[in-house]
Each structure stands twice: as structure tokens, then as C-alpha cells.
Amino acid sequence: METLVQDVKYGIRLLARSPVTTLIAVLTLGLGIGANSAIFSVVNGVLLQPLPYEERGRLLIFHQQAPGAVQPWLRGDDMLFSVKELADYRQQCRSFQEVVEYHSRNFVVWGSLQPHQVDVGVVSANFFHALGVKPLIGRTFLPGEDQPGTDPIAVLSHEYWQGRLGGDRDVVGRLIKIDDKMHEVVGVLPAIPEYPRHNDLYMPISHCPSRSSQATMENRDRRMLSVFAVLKPEAGLEQAQADVSSVAARMAQEHPQHYPPEWNFQAHVTPLKEELTREARPTFLILLAVSGMVLLIACANVANLSLSRLLRRRREMAMRSALGAGRARLLRQLVTESSLAALAGGVVGLVMAYAVLDLLVGFAARFTPRAVEISLDWTVVLFTLFVSLAAGVLFGVLPALQLGGRPPEALSGGGRGVAGSSHRRLRQGLVVAQIAVALVLLTAAGLLVRSFGRLNGVDAGFEPHNVLTMRIGLNYAKFRQEAGSELTPARRAYLQEATRQVRALPGVQAAGLVSLVPLGDAHGHDHFLYIKGRQVEPQALPKVSHLTAEAGYFKALGIPLLRGRHFSPSDDNQAPEVAIITHSTARRHWPGQNPVGQYISIHQTDDDEGWVRIVGVVGDVRRRGLDQEAVDEVFLPFTQAPFASRLVARTRGDPQRLAQAMIEAVRSVDPDQTVDSVVTMEQLRSDSIAPVRLTASLVGLFSLLALAITAAGIAAVMALMVSQLAHEIGVRRALGAHTSHILRLVLGRSLGLTALGCLLGLAAALALGRYLEHLLFQVSPSDPVTLALTCLLVLLAALAASYIPARRALQVDPRRILHQG
């Protein structure tokens, strides 16, 4: 311990004697360590930390599948659950301690608060108890509070409580009006990730009109629920899988009319943590690998700096060796010095990681609800300490291993000490490794940037500039008919009048209603397309997406009319039903023909009733994402199918300037209704590709950082080489060597190292490219343009880094060299 303290004190004094070199080493390591600490904080908060629920290790989510189902909305891995199915799993599964349900829907909160639409999680009373979520204030739901006849109550999410109610700690016991019922607030949740989606507040199932209706509870085919479960302590995941599968098989056997054999109906469970991080895991692990490469380059660069310093200290090392210091003693001193510099770099890295933490949380939130758990906690600090010490040992040991030379020769100045060929090979090898790793990072960044460029250049099928969209939230209690239907004439009249008021505003060029906004809403349900006069087997029926719209919607988004006509006011509920289809639908089902005048249906029909006549064809829109092809779509007029509540308006200038006027115009028709989700179409388009843009930006930033560090390393090595070749260069100049010969001597060695590094880097980039494939759009991992440009960029950086050493070589005075010789 005493000698360690001596080493530390001596190391601090030595580092202080070379402030410029020390500062360069600390900042270089700080950049590398900071990148790792920042990305690790994301990986730790999202992928490594256990869920912030008491039952985190035993939480599972159910999935049902019907891969052979004819109905398109049943296919896939996200088939929802009916109340009858939930009851079967609850009663028959033996592996679960609790089984809970969840679904989400929109309500309007009004009364004492300004009317606004809220996302409400409708859950069974044991939902929070099963997850082990403790309230921040008040309580959650008690057993039996989801039964008919109980008083309406609500639990607020942390974000809603802070944002809408100002964090009022006296909120418990307060009454809020949701639709036509007063609900008592009984508790507030802590800031935790909410799954499967974020909600503003939660209510028991007994107070949701759709969930508590007899039609929902008695219909096995009315699926609207997500199902979670808590595994019993003595049960395992495999047992739970077998349990759920057997119940699904029993349901299919007992109710064949609901689960035909051709459906191949099945069910399974997935750990909730895996479900929460599925989309985030690949991207975050790639970013962690990229930041690790940056640190390796930084360590190689600092190791080269240490080699240069060690060359100047060879007389000191020889003297200490002559006085009895063994190789291990000298090695420990050098590693102590490098560790001190690395720890200082770790402190700089933590400061950098803290500075970008909010940006990383926003980035991670686009992939997973667990982003709220990202922080610079003690786990991240310990990781930074470990990385710092590992980096210190790495760049300290490599130079120390080059200790050599006989003490008498070093003391007399005649020995080469650490300046031998092995020293030179190590320095050059470190530079080659830096170049190779930097090229891999630049290739990854180039592929992602080209992919983003391709994605950003995709024609979405509409013109997003100067377009504003908003959601008109409806108080369904006001528009609900006695028979229970929500599609009332009053609702249609209200939405039409609200749209007319917006159209009348100065500066509004066009406005219209639509059921789903491109790139902004959920995908909706697919339906089968029936074409009159065509007989098709059920398995071969084509699918289409069904939407409702007004003619003003197409004009507002600039979607071109290719054939026929738009909807007109005469297409009301008294007129024959009509439809507009997209170009892809027409091309696929009426190739080379004009589909206008043909009859279709999205519901099976055997007579002349129920057919809809096609009156127009419009351009395709990439509704589900710029990276996905446009799907076949059928539009029905709002006047015949009033399901639309999204308003789209085109303005003559910046639409944000008219946003408040539009909101007031809508609310002037009925102040009890709400307007929210006010956003421009340009913002929706930008948000849809934000994960790709941000990932490309992060990898690009890291790769440029790596290139800058590598260029600095090349410059340092070439400067040292020029100083060592000064005698040779002077002799050559004295013998008449031309300037070009000296430049070729210096630049040739630099480009030789760069070429070798590029070859190794290309091989590694081609081998590792497949790990990026799932992040790329219309770009191959072995894209020759990207590889060529990356190599050219590295070569240019190497030439730039060699410029100053080359100029120094040209300034060597041959007379002084010969005089010294």
C-alpha cells in the first residue's frame, strides 16, 4: 500500500508536468468513456434493470393466434381476448396466481375541468395488485370494485396528475366527470412504465359502457381485451406455456363454431419484460457496440501517446532499473499513471453522459415505455469506474510491455531503449487497428445515413406542407341513442358543422374529415374485399383497409383524383352507397380496366343488397409508414358511414398560426366537445422516421468522433516518425532529393498504414453488416457506394492528418543534420 501511494503521488506529479499531453489524453478518454456511459445508462434502464413492479419476475402477457383464420383481423400474433375466453383461462389455468384484463378507450372529462379527451385504461380490480404497483397517493382498486352496482372511481397516472392537475396532493377524494358519470379519484400512480400503452387514468371494468354490456360479456367472438397473469412461485414458464396451450385446445374442441379447425387456434405466454424491450433491444445493443468501438479507438490513441512519452522517458526508466527497480515495479508505475488519466477521463465522461441524458431518454421513448427508468444511477457510475480502470490498464500495459534496453547503454544515450523496431511496429499496429475500427463505424453510419436518405425521399402519396390535423373528441354520452348506437344523426350533424366552421376561416384552403390520419393513427382493421360477379375461395379473398372520409380530406392532403369523381353532398344516407378506391386496389383487381361503376363490398352478401358502387379512384398513400408499401384501401363517404373524427385542413401559410382559431371554431359549435392531438402533417411525417433519423445521427456522431481520434493518432505517429527519420531526410536533402521524394517518403508510409487498415476494416464491415440489415431501408449491408465513400473519407482524413508532419519533414535543415552527424 505504501508503494502504491508513492506511485499515485509520483504519477500525479508526472502528469502535471505535461499538462498538454495529459489534457489530450483525458479528453480523448473522456469522449470514449462518456459515449459508453451514456449508452450504457440506456441499456441498463431498459434492458438490464428488473421491471419496477413488485411481481416483476413473474409477470406474463397472453397471446392468441389464429394463423389459418379467414377473417383478416384475426390473423397474426395479437388476437385480442373476449370476456368468455378470459373466464376460461382464469378458471382452467393452474399455473397462475392471478389473471387480469386490460383494454383502453377514449372518454371526455368535463364538468369542473375544461373538456378534454383522455385515454382511459379499463382494468379488473386486481390489476394493480397483480402487478404489485403501489400508489404514490391514496390507493388503487379494492377487490369487488369492478362489480356492477359499485360507485364510479378512478386512479390517475403520474403524468396526468402532474400535467393536468398540477401535482395537487389533495386530489384524492376529488370528483371528476367522465362522460355522464362523476368518478371519485381514489389514488395516483407513481412514475412507472405503463403497458401496453400509456393512459391518463384508469377505471374498473364495471364503469366502461362497452365492457360492461351484456352483448360484450356473452359474445365469445367479441374480442377487445389484453390479458396479463402472475405466475405462481412454484410454477415455471414452460409449465405456464403448456397450461395455456391446453386451455386453448380445450376451447377449440368445446366451441368449434367459434374456433374452426382450419384456424389452427393456439395461445402462448411471453414474459412482460421481453415484451417491453423487444423493439428496443437490437438498436440499443448496436449502439453499445458502437460506443465500445469508439472507446477502443480512444485507448489505442492514448496508448500511442504513452509510447511517445515513454520514448522520452527511456533514460529515466533505465536509471530506475539500474537502481534495482524490477520490470514488474516499472510496469506498476506506468499502469498507475495511465489509470489516473483514465479515471480523470471517466469523470469527464460522466459529465458528458449527464449532459445528453434527456436527449437519450427522448430517443429511447420512441422504442419502449421503459425510457422513464433511464438515469445515471450507481450502476452506471460503477460501470464507468470499471470501464475507466480497464481503459487505464489497457493503454498503460501496452507501452509498458515495450520496456527494454540495457541500463548502461540507455544512461549513456547510446541505447535504443524503447525505440526499437518492436516499439515502432506496436505504434503502427495501433494506428492500423484504429483505422480498421473507424472504417467499420463509418461504414455503419454511411449505411444508416443512406437508408435514412432513401426513407426520407419516399413519396408518401400526399403533400404534408401547410396541413394541420386534429382529433375531435366526442362526448359519447351526449350522442348515444336509447338503443345504444353511437352513430346518431346529431353526431354526424355536429361534425359536419364543425368542419364547415373550419373551412370558413380566412386562410383555410380545404378541410375534411377522415377516420385515420396517414402516419399518425393506428392501422385499423382490414376487411375482405368482395367483388360483385366474382367467385373466390375464402382462403384467396383479397384484403383491403376500410376508411371513412369527406371529399375535403383528399383536397386538403393533395391526394390526386385519378378516375371518376369525389364524394358529393348528395351521397347521403338516403342515396345509393358509393366508394372510392386507391390506385393500387384498382391496379391489382381491375388491371388495365376502369373500375368506376363496379360494385364491391367489405361484408359478404348473396343478393343485390349491400353492394357499394365505385365512383372514383385516388392516388396511393403510405398510411402505415414510409418504409411500408401502400395497402389497398376503400373509402366510404362520411355522410353514409360517419365514423370519422379526424379533421385535416390545408392553409395558405404556416398552419400553426391558425391552430387556435380552428380549435375555437370547432368548440363554438358545441363547447362540451374536445379538440386534441393538434399537429402538422409535416411533424407526423418527421416523427414517423424519427427513430431511423436519431439512430443514424448517433452512429454518425460516434463514427465522426472515432475518425477524428484516429486522425489525431495518425498525425502523432507520423510526427514521431518524421523526428526519428530526421537524419535520413537530411542526408537525402543534402544529396539532392527533390521535395516530391520527401513527400512520397512520408505520405507513402502514412497511406500504407491507412490502406492496410482499410482492408482489415472492409473485411470486418462486410462480416458485421448483417447485424445492421434489419435497420436498413432499400440499402444493402454491402452497398459498394457506401464502402467506396467510406474508404475515400478515411484516406482523405489520413492525408490531412499527415499534412503537418510532411511539412515538418520538408523543413528539415540538411546542414544542421550533417553538422550534428
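Quantities reported herein were computed from a predicted structural model and do not represent experimental measurements.

1. Some details on the overall build of the protein
Reasoning step 1: In terms of helices and strands, the protein carries 26 helices and 22 strands.
Reasoning step 2: Counting over 821 residues, the protein shows a buried share of 52%.
Reasoning step 3: Long-range contacts, defined here as pairs at least 24 residues apart, represent 81% of the contacts in the protein between residues at least 6 apart.
Reasoning step 4: Carbon and sulfur atoms make up 57% of the accessible area of the protein, which amounts to about 36600 Å² in all.

2. Points about the pattern of salt bridges
Reasoning step 1: Under the counting rule described, the total for this entry stands at 17 salt bridges.
Reasoning step 2: A salt bridge links Glu 101 to Arg 211; its shortest N-O distance comes to 2.8 Å. On the criterion of sequence distance, the pair formed by Glu 101 in strand β2 (residues 96-110) and Arg 211 in the loop between β8 (201-204) and α6 (214-218) is long-range, its members being 110 residues apart. Just as Glu 101 is buried, Arg 211 falls in that class too.
Reasoning step 3: Residues participating in the shared-partner salt-bridge network are Glu 85, Asp 221 and Arg 223.

3. Here we look at the packing of aromatic side chains
Reasoning step 1: One pass over the structure, following the stated rule, counts 20 aromatic pairs.
Reasoning step 2: Each ring, one from Phe 40 and one from Phe 383, has its centre 3.9 Å from the other, and the planes form 10°; the classification is stacked. Pair noted here: Phe 40 is in helix α2 (residues 19-48) and Phe 383 is in helix α13 (residues 378-400), with a separation of 343 residues, a long-range link. Per residue, the accessibility class of Phe 40 equals that of Phe 383, and both read buried.
Reasoning step 3: Considering the side-chain rings of Phe 363 and Phe 367, the 5.2 Å spacing of their centres and the 65° angle between planes classify their relative orientation as edge-to-face.
Reasoning step 4: For Phe 363, a relative accessible area of 4% gives the class buried.
Reasoning step 5: Judged by its relative accessible area of 15%, Phe 367 falls in the buried class.
Reasoning step 6: Chaining the aromatic ring pairs together yields one cluster made of Tyr 102, Phe 127, Phe 128, Phe 141, Tyr 202 and Phe 228.

4. A look at the pairing of strand β12 (residues 508-514)
Side-chain positions along a regular strand alternate between the two faces of the sheet.
Reasoning step 1: Counting buried positions over the seven residues of β12 gives six, a clear majority of the element.
Reasoning step 2: Bridge count between β12 and strand β21 (residues 646-651): six bridges; the pairing is antiparallel. Among the inter-strand pairings, Leu 513 is bridged to a residue of β21, identified as Leu 647.

5. Comments concerning the pairing of strand β6 (residues 175-178)
Reasoning step 1: The side-chain alternation of β6 yields one buried face, formed by Ile 176 and Ile 178, and one unburied face, formed by Leu 175 and Lys 177.
Reasoning step 2: The turn linking β6 back onto strand β7 (residues 181-188) is made up of two residues, and Asp 179 within it adopts a positive phi angle of 55°.

6. Let's talk about a nonpolar patch on the surface
Reasoning step 1: Where nonpolar side chains cluster on the molecular surface, the patch consists of Leu 751, Val 785, Leu 789, Leu 792, Leu 795, Leu 796 and Leu 799 and spans about 560 Å² of accessible area.
Reasoning step 2: Here the nonpolar patch gets six residues from one element, more than from any other, and that element is helix α25 (residues 784-810).

Rules behind the numbers
- Residues numbered from 1 in each chain as written.
- Predicted model: local features only at pLDDT ≥ 70, side-chain atom pairs only at ≥ 80, totals over all residues.
- Heavy atoms only, no water.
- Helix = DSSP H or I, 4+ residues; strand = E, 2+ residues; numbered from the N terminus.
- Buried < 20%, exposed > 50% of the residue type's maximum accessible area, 1.4 Å probe, protein only.
- Contact = heavy atoms within 4.5 Å.
- Areas by Shrake-Rupley, 256 points an atom, 1.4 Å probe, with all protein chains shown as cover.
- Salt bridge = Lys/Arg side-chain N within 4 Å of Asp/Glu carboxyl O.
- Phe/Tyr/Trp six-rings, centres within 6.5 Å; stacked < 30°, edge-to-face > 60°.
- Pairing = 2+ DSSP bridges.
- Patch = residues over 30% accessible without salt bridge, like charges linked within 9 Å, V, L, I, M, F, W, Y side chains within 5 Å.

Functional significance is not addressed by these values, which are geometric in nature.
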